[in-house]
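Residue-level structural notes
Residue-level listing of the chains:
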Amino acid sequence: MSSQLPFLIAIAILVSLIVFAIGTLFLRRSKKGKEVWREKPPSLYRLLKPIINLFVDDVTISIKESKKAELIKKLNAAGLGYSLLPEEFILIRRIGLGIGVLMFLYFYLMTGPHTPDKMMMLLMMIPLGYYYPEIWLKDIVKKRRAIVDKQFPFFLDLLVLT
């Protein structure tokens, strides 16, 4: 237990700094108007919305136009063009990276001896946390295209009949 004490103190200091930074951001950000044009966003976004709203302005400034256009295209293909902004999707990926790092630390500290195989499995949580939103978006696009492919003959029949 005494060998873990410096590590626990470091984590406590880190958590305190994060809480202080988030508190400062809350005080710095002003309330935005209600965005009535938006559709109901995905549940992951609704869960992370307070954190996303804190940092969305910073990401908006730093995002390149080419990256923004690419993300708009992907979000529109998934049917999320009126639910998520590209800046918000980037923040979801960054938060996923943080969650991956926290999961790595948690399982690293809670599991026993660390063999190379176990370390490789644990290290895979970090990129998985970052890329999971992208995988999720590709899955939604795939499902949406499958629905369109399935419904297209019925749409064509209606179009011919009118």
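What comes next is a walk through the structure. These figures come from a predicted structure and were not determined experimentally. (Residues numbered from 1 in each chain as written. Predicted model: local features only at pLDDT ≥ 70, side-chain atom pairs only at ≥ 80, totals over all residues. Heavy atoms only, no water.)

Observations concerning helix H4 (residues 86-110)
Compared with the 36 Å implied by 1.5 Å per residue over 25 residues, the 36 Å span of H4 between its first and last C-alpha is a close match. Listed in full, the buried residues belonging to H4 are Pro 86, Glu 87, Glu 88, Phe 89, Ile 90, Leu 91, Ile 92, Arg 93, Ile 95, Gly 96, Gly 100 and Phe 104. Lining the buried residues of H4 we find helix H2 (43-62), helix H3 (65-77), helix H5 (116-123) and helix H6 (125-161). (Helix = DSSP H or I, 4+ residues; strand = E, 2+ residues; numbered from the N terminus. Expected span 1.5 Å × (residues − 1). Buried < 20%, exposed > 50% of the residue type's maximum accessible area, 1.4 Å probe, protein only. Contact = heavy atoms within 4.5 Å.)

Some words on the packing of H3 against H6
Contact geometry of H3 with H6 gives a least axis separation of 8 Å together with a crossing angle of 45 degrees. As the angle between them shows, H3 and H6 are arranged oblique. On the side of H3, the interface is formed by Lys 74, Leu 75, Asn 76 and Ala 77, while H6 contributes Glu 134, Leu 137, Val 141, Arg 144 and Arg 145. Its residues placed into classes, the contact of H3 with H6 shows four nonpolar, one polar and four charged. (Axes fitted to C-alpha atoms, helices over the stretch in contact; angles between N-to-C directions. Parallel < 35°, antiparallel > 145°, perpendicular 65-115°, else oblique. Nonpolar A, V, L, I, M, F, W, Y, C, P; charged D, E, K, R; others polar.)

These results come straight from atomic positions and should not be treated as a statement about function.
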